[in-house]
Amino acid sequence: RVWNFSAGPAAMPLPVLERAQRELLDWNGSGASVMEQSHRGKRFMTMAQQVEADLRELMGIPDHYAVLFEQGGATQHFAQIPMNLAREGDRADYIVTGHWSEKAASEAAPYVQVNVAATSKAESFLRMPARETWKLDSGAAYVHIATNETIHGVQFKHAPEVGDVPLVADMSSDILSGPIDVSRYGLIYAGAQKNIGPSGLVLVIIRRDLLERATRPMAKIFRYAEHAAHDSMLNTPNTWGWYLAGLTFQWLKENGGLAAMDVLNRQKSQMLYAAIDGSGGYYRNPIDPPVRSRMNVPFTLHDSSLDAAFLQESEAAGLLALKGHKAVGGMRASLYNAVPMEAVQALVDFMSEFSRRHG
Ligand code: PLP
C-alpha cells in the first residue's frame, strides 16, 4: 500500500482495515455483514454501547456529557449547533482562524447573531489572533473555535479561556490526536473522515445541561436532545461508520491511547517541519511556529513551476495526495493518527532527494 497524506477522507489504520476485511461477510458470528444488521438488534446494540464506552475511556469524557453518533457531516452541524444552543435573538462569538471556522460562522448566521470576536484573516490566517485581542461578549450563547484548521494549517494547542460561556469546538481534524480536557468544552464535534473512520459519521460530545437550550421550533431530527434520549438511534444511524469508529477506538487503546498518539504526532510533525525549515528556502511553511498544526502541514516549493513534477514524482514514489488545497496552493501533508513515522520518513527523504535532483 501507498503512504497516504490525504486531508480527508484520510488514511485509516491498516489493522482496522484488515480486521474489517476479515469480518466483512461474517460479523460477530452472525453469518452476515455488520452492514446487514438491524441497528435495533442485540448484536449491534451491544457493539454500539461498547464503542461509546471505548471513546469515553480514551477521551476521559465525564458522565455529564452525552456522546452522539450523528450524520450530515460537520457542515450540517455548523447550522445545527446554533439551532440547538441559541434561542431566538441570541448572539454567539466566533473566532475565525481559517477556512473552516469562517464557514462555521457564515452557516450559523441564519440562526444566531454572529459576532466575529477575533480573526486573523487580514494576516492570511498565518497566525492566531492573540487571546488579549478577542472581543468576547459575556452575554453570548457560546464561543466557537475550530481547534485545527485543516486547510490553513494552524492549530490551538490548548483550549482558550472563555469564562463561563460554553466553548464549542470543531475538532474534525485533530480529535483523538492527543489528550484533551473535555470539561473545558460545552460541545465538541468532529466529522469522522480524518482520525475516526469513514465519512458520513459525525461525533457530537455535548454537556447535558446544554441539551435543554433548544426552544425554537424544529424537526426532531435536528434536536440534539432527541438524539441523546434515543441513544443516537432516533432514526437509522450510520451503522458501518459506527462499527469502523469502534475498530479505530480499539486500535487506539491497543496502541497506548491518546498519550501515545500525542508523542507520535509531535515527533512526526517535528520531523516534517524540520525538513522544511532546514531546506534553505527550497520548501516553505509560512505559519507562526507556535501555532503550526501537527495534523496538516501546508508547504510550498521555492519555484511553483516545479509543483507538477513534485506531485507526479511523489505519487510515483508511493506518496499519495500531497496536492495542497486550492485556497493556499502548493502542497499539504496530513499526518493523522493512521500515518506512521515511516511514512513521514519516506516523505522527508523524497523531499530531500527531489531538491537535489531539481536543484
Ligand atoms: N471542519 C473541518 C475542520 C474540516 O476539516 C472539514 C472538512 O474537511 C469540515 C469541517 C467539513 O466536514 P464535512 O465535509 O464532514 O461536512
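Our subject is the structure listed above.
The structure displayed is predicted, hence computed values, not measured ones. (Residues numbered from 1 in each chain as written. Predicted model: local features only at pLDDT ≥ 70, side-chain atom pairs only at ≥ 80, totals over all residues.)

1. Re the packing of helix 2 (residues 42–59) against helix 6 (residues 239–254)
(1) Moving on: Running from N to C, helix 2 and helix 6 cross one another at 45 degrees; their axes reach a closest spacing of 9 Å. Between helix 2 and helix 6, the angle falls in the class oblique. Crossing of helix 2 over helix 6 shows left-handed handedness. For the pair helix 2 and helix 6, the contacting residues are Phe 44, Met 47, Ala 48, Gln 50, Val 51, Asp 54, Leu 55 and Leu 58 in the first and Thr 239, Trp 242, Tyr 243, Ala 245, Gly 246, Phe 249, Gln 250, Leu 252 and Lys 253 in the second. (Axes fitted to C-alpha atoms, helices over the stretch in contact; angles between N-to-C directions. Helix = DSSP H or I, 4+ residues; strand = E, 2+ residues; numbered from the N terminus. Parallel < 35°, antiparallel > 145°, perpendicular 65-115°, else oblique. Left-handed = near helix turned anticlockwise from the far one by under 90°. Contact = placed C-beta atoms within 7 Å.)

2. Some remarks on unusual backbone geometry
(1) Moving on: A cis amide bond links Gly 8 to the next residue, Pro 9, at an omega of -10 degrees.
(2) Moving on: When you line up the elements, Pro 9 lands in the loop between strand 1 (3–4) and helix 1 (14–23).
(3) Moving on: Of note, Ser 124 is a non-glycine position whose phi angle comes to about 55 degrees, a positive value.
(4) Moving on: Position of Ser 124 relative to the elements: it lies in the loop between strand 4 (113–119) and strand 5 (143–146).

3. Section: the site of the ligand
(1) Moving on: Lining the immediate surroundings of the ligand are Gly 8, Gly 73, Ala 74, Thr 75, Trp 100, Ala 146, Thr 150, Asp 170, Ser 172, Ser 173 and Gly 191.
(2) Moving on: Counting residues per element, the shell around the ligand draws most heavily on helix 3 (residues 73–85), at 3 residues. (Near = placed C-beta within 6 Å.)

4. Concerning the sheet that holds strand 3 (residues 91–96)
Note: strands within a sheet are paired through backbone hydrogen bonds, in either parallel or antiparallel orientation.
(1) Moving on: The strand order across the open sheet built from 7 strands is 2-10-9-8-5-3-4, with neighbouring strands paired in mixed fashion. What marks the edges here is a single partner per strand, and that holds for strand 2 (65–70) and strand 4. When strand polarity is set aside, the average angle formed by the axes of neighbouring strands in this sheet is 20 degrees.
(2) Moving on: Looking at chain direction, strand 3 and strand 5 are connected through 2 bridges and run parallel. (Pairing = 2+ DSSP bridges.)

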